[in-house]
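Structural overview
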Amino acid sequence: MEERKKLFWKLSAFGKFDLKRFGKDAERLKLIQSKPAQQNETTTNNSTLSASVKTLPETAQVDDQKSTQKKKKKGKITASKKRALLEEEIRHLRNVHHIHIQGSDIPDPLKDFAELKTSYGIKDVILTNIESQGYTEPTGVQRQAIPIMIQGRDLMACAPTGCGKTAAFIIPILHHLKEPQNNGFRALVLAPTRELAKQIVREFRKLSKGLGLRSCYIEKESTAIKKSNQNFDILVSTPNRLVYLLQQNPPLLDVRNVEWLVVDESDKLFEAGTRGFRDQLGAIYKACSSSKLHRAMFSATFAQDVEEWCKLNLDNVVQVTIGAKNTAINTVEQKLLFTGDESGKLIAIRNLIREGISPPVLVFVQSKERAKHLYTELMYDNINIDVIHADRPQEQRDKVVKNFRLGHIWFLICTELMGRGIDFKGVNLVINYDFPTTAISYIHRIGRTGRAGRTGKAITFFTENDKPNLRSIANMIRQAGCPVPDYMIAIKKPGRKEKRRLANHVPERQQILTMDPRDYERLQRKRKFRHQKQKSLKKPRLGQSDADQSQTGNLKSTEK
Ligand SMILES: Nc1ncnc2c1ncn2[C@@H]1O[C@H](COP(=O)(O)OP(=O)(O)OP(=O)(O)O)[C@@H](O)[C@H]1O
């Protein structure tokens with residue numbers, strides 16, 4: 001027996017004592033105890049072996065240590081395999097949702113909203129609010145932008161129209177602010193129009209229910225100081241209004257404690273000149289002087305110069321793009337309709353109405369004047385129609401938006417004012433009565449339909465005069481998978497200079513109005529008179545004194 005043992009140790013001394021392989025031999029030689037019957041394999045490997053190893057001489061112990069090391073190594077391989085699997089899963093998630101990223105140390109996209117709690121400790125109440133909005137799954141932009149913003153990283157996000165960019169910045173801001181504080185505004189969101197700013201406030205309120213955080217849009221100067229000092233945490237504003245309030249002496253607002261600055265429709269706000277807000281944006285940047293400031297830019301379209309600015313000026317910025325950049329949404333069935341000349345458009349729209357189109361419908365024209373004229377032409381056609389443009393008083397604009405949302409208005413004639421960001425649920429059709437001057441404007445206009453995964457339709461009228469812009473928009477339509485005739489794509493591409501000229505000049509068009517201009521003027525006067533009468537009838541409320549009335553008048557006169 002002793003001889004056999006010696007021989008075994010000699011044989012095993014230079015090799016690895018693999019208990020798994022040679023365990024049976026060792027057992028036969030009675031060098032280790034035999035396995036108890038019916039023992040589970042995992043337990044065998046751990047407890048039985050460790051018990052028997054005690055009986056082994058030194059060399060065997062050394063060998064066993066090596067085997068344990070190997071096992072540990074094996075464990076390491078499993079961990080790296082695990083990471084590889086996870087990376088594959090993340091790659092797959094990004095592919096499925098067309099998420100493209102640029103930047104360093106980018107957090108993983110969310111698999112679901114629940115991960116906000118497990119990985120980032122977001123409050124239950126926010127998750128409940130998300131759920132009560134009917135959001136079951138995060139959209140592509142939400143999956144990637146939310147974790148980036150939660151980590152306090154500067155962000156530039158480009159994602160198609162109607163894919164939930166608003167919630168993508170609201171959720172991380174709410175998580176960041178946590179609860180109300182006496183520090184004034186800590187988050188500032190800029191949007192190009194009042195309508196959009198107010199819509200964003202509504203979204204903030206829905207998603208922050210139960211958190212105590214207060215968000216506002218400042219309508220009047222007189223409320224600016226009050227709101228500023230009154231524990232409002234979130235301010236949503238147009239750049240013009242904000243700059244005006246900041247430039248008063250003393251300033252009517254304080255944004256020095258702002259920690260999150262979000263620029264929605266950022267390519268629009270970056271535009272220079274009278275139609276853009278670049279100067280105002282510069283002043284606002286200066287005013288947001290907190291060292292804790294983080295910045296995020298969101299839009300469905302991005303211009304090269306904005307991208308370059310962001311890369312140069314934002315800290316370690318992450319760029320997120322969903323799908324192909326600057327493309328029209330593919331849930332919208334798009335069509336171009338040749339109407340010959342301007343008068344053909346009136347016939348075409350009446351034909352569409354006669355053939356039966358399902359409301360709500362948005363009709364875009366290129367100017368306030370044309371909006372008023374088209375409204376006058378169609379108002380007797382027995383359809384619920386209204387018009388919105390910057391010349392209408394804010395109170396009327398709000399009413400129109402509300403009535404369109406409620407379905408009381410079926411046809412809404414509008415200008416570029418409603419082209420960006422406005423989320424009317426269930427718009428079935430967008431009619432571009434006037435051809436958009438840029439492909440970017442086209443993307444935003446038709447993006448008022450086919451939102452949040454729904455389908456929609458867009459019909460764009462064009463005349464001989466629209467030929468210079470036809471090619472770029474026909475290309476957009478083809479890219480979205482809708483048919484366009486080849487001759488449109490074959491039109492000569494305008495040069496850079498020409499492109500810029502086209503973008504900045506709305507074409508001269510033949511007047512829409514078919515009635516005598518004097519009759520039109522008379523009608524306008526009548527309408528104005530009727531509106532003022534309605535207003536004055538509404539004003540003297542029961543028990544309201546003359547002094548009260550004059551005060552109301554004063555407040556109104558301070559409105560910008
Ligand atoms: N996770 C989600 N699941 C379902 N619907 C969502 C989700 N997130 C947002 N929505 C809805 O999608 C619609 C569009 O959202 P939102 O207005 O934020 O789009 P957007 O990307 O900002 O569009 P635009 O570029 O036109 O401004 C809204 O009605 C919103 O309630």
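The name recorded for the protein chain in an unreviewed UniProt entry is Probable ATP-dependent RNA helicase DDX52, from Biomphalaria pfeifferi. Per UniProt, the protein chain has the following entry under Sequence similarities (unreviewed entry): "Belongs to the DEAD box helicase family. DDX52/ROK1 subfamily." Among the UniProt annotations of the protein chain, the heading Subcellular location (unreviewed entry) holds the following wording: "Nucleus, Nucleolus".

1. Observations regarding the side chain of Asp386
When you line up the elements, Asp386 lands in strand β11 (residues 385–388). You can call Asp386 buried: its relative accessible area is 16%. Looking at Asp386, its side chain comes within polar contact range of the side chain of Arg392, at 2.9 Å. The contacts of Asp386, once residues within four sequence positions are left out, are Tyr375, Arg392, Val400, Ile409, Phe411, Leu412 and Ile413.

2. Let's talk about the site of the ligand
Taken together, 20 residues sit near the ligand, with Tyr135, Gly162, Lys165, Thr166 and Asp423 positioned nearest. Contact between the ligand and Glu137: a nitrogen atom at 2.9 Å from a main-chain N or O atom of the residue. Here an oxygen atom of the ligand and a backbone polar atom of Gly164 are 3.2 Å apart. Against a free-state accessible area of 640 Å², the protein chains account for coverage of 90% of the ligand. Its residues assigned to classes, the shell around the ligand comprises six nonpolar, seven polar and seven charged.

3. Some words on the pattern of salt bridges
Going through the model one piece at a time under the given rule, you end up with 38 salt bridges. When the shortest N-O distance is used, the salt bridge between Arg256 and Asp254 registers 3.0 Å. Given a relative accessible area of 32%, Asp254 falls into the partly exposed group. It is possible to trace a salt-bridge network through shared partners that takes in Glu342, Lys345, Arg370, Asp434, Asp466 and Arg509.

4. Looking at the packing of aromatic side chains
Counted under the stated rule, the structure contains six aromatic pairs. Between the aromatic rings of Phe404 and Phe424, the centroid separation amounts to 4.7 Å while the plane-to-plane angle is 80°, which identifies the pairing as edge-to-face. One end of the pair, Phe404, is in helix α17 (residues 394–406); the other, Phe424, is in the loop between β12 (411–414) and β13 (429–432), and 20 residues separate them in sequence. Take Phe404 and Phe424: they sit in the same class, and that class is buried. Three or more aromatic residues joined by ring pairs make a cluster, and in this case those are Phe270, Tyr285 and Trp309. One cation-aromatic arrangement involves Arg214 over Phe232; the distance from NZ or CZ to the ring centre is 4.8 Å.

5. What to know about the UniProt feature "domain: Helicase C-terminal" (unreviewed entry) in the protein chain
UniProt's feature table lists "domain: Helicase C-terminal" (unreviewed entry) at residues 331–492, given in the numbering used throughout. Between the first and last C-alpha atoms of residues 331–492 the distance is 29 Å; the span itself is 39% helix and 20% strand.

6. So, the environment of Leu174
Position of Leu174 among the secondary structure elements: in helix α8 (residues 165–177). Each C-alpha atom, one on Leu174 and one on Ile440, is 31 Å from the other, the two residues being 266 residues apart in sequence. Here Leu174 is in contact with Ile126, Phe204, Leu207, Ser208, Leu211, Leu213 and Ile234, once residues within four sequence places are set aside.

7. Quick word on the packing of helix α11 (residues 239–246) against helix α13 (residues 278–287)
Where α11 meets α13, the closest approach of the two axes is 9 Å, and the angle between their N-to-C directions is 55°. Classed by the angle they form, the pair α11 and α13 counts as oblique. Of the two possible hands of crossing, α11 and α13 adopt the one that is left-handed. Here α11 contributes Pro239, Asn240, Leu242, Val243 and Leu246 to the contact with α13, which in turn contributes Gln280, Ala283, Ile284 and Ala287. Its residues placed into classes, the contact of α11 with α13 shows seven nonpolar, two polar and no charged.

8. Here we look at the sheet that holds strand β10 (residues 361–364)
One open sheet holds the six strands; their spatial order is β9-β14-β13-β10-β12-β11, and the pairing between them is parallel. Of all the strands in the sheet, the pair left with one neighbour each is β9 (332–340) and β11. Strand-to-strand twist of the sheet, defined as the mean angle between neighbouring strand axes without regard to direction, takes the value 20°. Inspection of the sheet shows β11 paired to β12 by four bridges, in the parallel sense. Within β12, the position partnered with Asp386 by the bridge is Leu412. Along the sheet face, helix α16 (residues 368–378) touches β10, β11 and β12 and points at about 170° away from the line of β11.

9. Examining a positive patch on the surface
Taken together, the side chains of Lys493, Arg496, Lys497, Lys499 and Arg500 define a basic patch exposed on the protein surface. With respect to the element layout, Lys499 can be found in helix α21 (residues 496–504). Judged by relative accessible area, Lys499 falls into the partly exposed class, the value being 46%.

Conventions used here
- Residues numbered from 1 in each chain as written.
- Predicted model: local features only at pLDDT ≥ 70, side-chain atom pairs only at ≥ 80, totals over all residues.
- Heavy atoms only, no water.
- UniProt positions renumbered as here; feature names shortened; annotations may be inferred.
- Helix = DSSP H or I, 4+ residues; strand = E, 2+ residues; numbered from the N terminus.
- Buried < 20%, exposed > 50% of the residue type's maximum accessible area, 1.4 Å probe, protein only.
- Polar contact = N/O pair within 3.5 Å; in protein donor to acceptor, adjacent residues only side chain to side chain.
- Contact = heavy atoms within 4.5 Å.
- Near = heavy atom within 4 Å.
- Areas by Shrake-Rupley, 256 points an atom, 1.4 Å probe, with all protein chains shown as cover.
- Nonpolar A, V, L, I, M, F, W, Y, C, P; charged D, E, K, R; others polar.
- Salt bridge = Lys/Arg side-chain N within 4 Å of Asp/Glu carboxyl O.
- Phe/Tyr/Trp six-rings, centres within 6.5 Å; stacked < 30°, edge-to-face > 60°.
- Lys NZ or Arg CZ within 6 Å of the ring centre and 35° of its normal.
- Axes fitted to C-alpha atoms, helices over the stretch in contact; angles between N-to-C directions.
- Parallel < 35°, antiparallel > 145°, perpendicular 65-115°, else oblique.
- Left-handed = near helix turned anticlockwise from the far one by under 90°.
- Pairing = 2+ DSSP bridges.
- Patch = residues over 30% accessible without salt bridge, like charges linked within 9 Å, V, L, I, M, F, W, Y side chains within 5 Å.
- Lys, Arg positive; Asp, Glu negative; His and termini not counted.
- Charge placed at Lys NZ, Arg CZ, Asp CG, Glu CD.

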